[in-house]
There are 2 protein chains.
Amino acid sequence: MTSLPLLEPAADTAACCPPAAPGIGAAEAQDTAAVFKALADPNRLRLLSIVKGAEGGESCVCDLTEPLDLGQPTVSHHLKILVDAGLLRREKRGTWAYYSLVPGALERTAGLLETL
Amino acid sequence: MTSLPLLEPAADTAACCPPAAPGIGAAEAQDTAAVFKALADPNRLRLLSIVKGAEGGESCVCDLTEPLDLGQPTVSHHLKILVDAGLLRREKRGTWAYYSLVPGALERTAGLLETL
């Protein structure tokens with residue numbers, strides 16, 4: 001009787017296919033870390049807080065320099081990082097850019113911690 | 001009739017005492033940013049995730065190097081940052097150190113985003 005090697009259960013499955021590492025995957029961790037990196041700066045947290053509490057839900061960049069006592073190039077740099085991380089939305093109207101929270105962004109970021 | 005200056009409303013209160021900057025304060029922003037800085041690294045997020053999902057709620061440092069494919073000194077460095085940020089607890093037993101989540105730490109961190 002001939003052997004049927006193709007139908008035999010593979011005894012060395014574990015050696016062939018190591019189980020995935022536990023916890024969140026490397027790619028997901030990379031994406032999540034990028035959002036927390038945007039939040040890992042006190043001036044950016046203060047900007048988010050000011051925009052969140054602004055009347056009408058948006059702030060002109062011209063109103064954000066004084067509370068933080070920073071120059072406009074520095075404030076614009078921090079705002080760009082928050083926009084790139086998907087936390088703030090930027091709209092140019094006339095001379096000035098206006099910033100508002102991306103709806104649900106802070107809640108989604110909080111959710112990332114619960115699904116770790 | 002004499003005036004009663006001490007009972008008159010102070011017309012120049014605003015000039016005397018500028019209102020506090022809007023949003024969260026500088027000191028609070030500094031503390032919050034420090035926690036997010038600990039989370040702003042993919043390897044640290046993966047470590048948190050593995051410890052969170054570990055049987056018995058704790059992981060030996062000896063079990064954390066392989067899933068991340070990092071050396072033990074690097075893993076210990078990341079774990080120390082997570083302990084210093086108040087996210088992980090470290091307990092030495094015999095040869096090894098064991099790490100567990102500080103109860104409520106991830107939920108409190110998520111809450112920081114809601115109170116910005």
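Because the structure is predicted, anything quoted here is derived from the model rather than measured.

Novice: Go over the pattern of salt bridges with me, naming the residues and quoting the values.
Specialist: When the charged atoms of two side chains with opposite charge come close together, those side chains can pair. Across all of its chains, the model carries 6 salt bridges over all chains by this definition. Notably, a salt bridge pairs Arg93(A) with Glu58(A), separated by 2.5 Å at the nearest N-O pair. Highlighted residues: Arg93(A) in strand β2 (residues 88-93) and Glu58(A) in strand β1 (residues 58-60), separated in sequence by 35 residues. Looking at Glu58(A), the relative accessible area reads 26%, which means it is partly exposed. A salt bridge links Arg93(B) to Glu91(B), with the nearest nitrogen and oxygen atoms 3.3 Å apart. On the basis of relative accessible area, Arg93(B) is assigned to the partly exposed category, the value being 35%.

Novice: So what about the interface of chain B and chain A? Which residues, and what values?
Specialist: Each partner contributes residues to the interface: chain B has 30 residues there, and chain A has 30 residues. Between chain B and chain A, roughly 2,600 Å² of surface is buried when both sides are summed, and carbon and sulfur atoms account for 74% of that area. For chain B, the biggest contributors to the area lost against chain A are Arg46(B), Leu113(B) and Leu116(B); these three give 23% of the whole. Summed over the shared surface of chain B and chain A, the result is 0 salt bridges. There are 7 residue pairs in polar contact (both at pLDDT 80 or more) connecting chain B and chain A. Elements that contribute at least two residues to the side of chain B that touches chain A include exactly α2 (26-39), α3 (42-53) and α6 (105-114) of chain B. The dominant element in the side of chain B that touches chain A, judged by the number of residues it contributes, is α2(B), at 8 residues. Tallied by class, the residues present in the side of chain B that touches chain A amount to 18 nonpolar, 7 polar and 5 charged.

Novice: Pulling in residues and values, what's your account of the relation of the copies chain B and chain A?
Specialist: Put simply, the two copies of the chain differ by a rotation about an axis and a shift along that axis. In screw terms, the move from chain B to chain A is a rotation of 180 degrees and a rise of 0.0 Å along the axis, fitting with an RMSD of 0.0 Å. Given the turn and translation reported, the copies of this chain are related as if by a two-fold rotation axis. It is Ala110(B) whose C-alpha, among those of chain B, lies nearest the rotation axis, at 2.2 Å. When the interface residues of chain B are mapped onto chain A, 100% of them again lie at the interface, so the same face is used by both copies.

Novice: Outline α3(B), supporting the account with residue identities and numerical values.
Specialist: Turn by turn, an α-helix covers 3.6 residues, leaving residues three or four places apart pointing in a common direction. Residue and element names in this part refer to chain B. Between its first and last C-alpha atoms α3 spans 17 Å; for 12 residues at 1.5 Å apiece the expected length is 16 Å, and the two agree. Most of α3 is tucked away: 9 of the 12 residues are buried. Within α3 the residues assigned to the buried category are Pro42, Arg44, Leu45, Arg46, Leu47, Leu48, Ser49, Ile50 and Val51. Its side-chain oxygen 2.8 Å from the backbone nitrogen of Asn43, Asp41 forms the N-cap of α3.

Novice: Describe α2(B), naming the residues involved and giving the relevant values.
Specialist: The end-to-end C-alpha distance of α2(B) is 20 Å, a good match for the 20 Å that 14 residues give at a rise of 1.5 Å each. Turning to α2(B), its buried residues are Ala29(B), Thr32(B), Ala33(B), Val35(B), Phe36(B), Ala38(B) and Leu39(B). Where α2(B) is buried, its residues meet α2 (26-39), α3 (42-53) and α6 (105-114) of chain A together with α3, α5 (72-84) and α6 of chain B.

Parameters at a glance
Residues numbered from 1 in each chain as written. Chains lettered and ligands numbered in written order. Predicted model: local features only at pLDDT ≥ 70, side-chain atom pairs only at ≥ 80, totals over all residues. Heavy atoms only, no water. Salt bridge = Lys/Arg side-chain N within 4 Å of Asp/Glu carboxyl O. Helix = DSSP H or I, 4+ residues; strand = E, 2+ residues; numbered from the N terminus. Buried < 20%, exposed > 50% of the residue type's maximum accessible area, 1.4 Å probe, protein only. Contact = heavy atoms within 4.5 Å. Buried area = accessible area lost by both parts, 1.4 Å probe. Polar contact = N/O pair within 3.5 Å; in protein donor to acceptor, adjacent residues only side chain to side chain. Nonpolar A, V, L, I, M, F, W, Y, C, P; charged D, E, K, R; others polar. Least-squares fit on C-alpha atoms with pLDDT ≥ 70 in both. Expected span 1.5 Å × (residues − 1).

No statement about biological role is implied by the geometric values presented.
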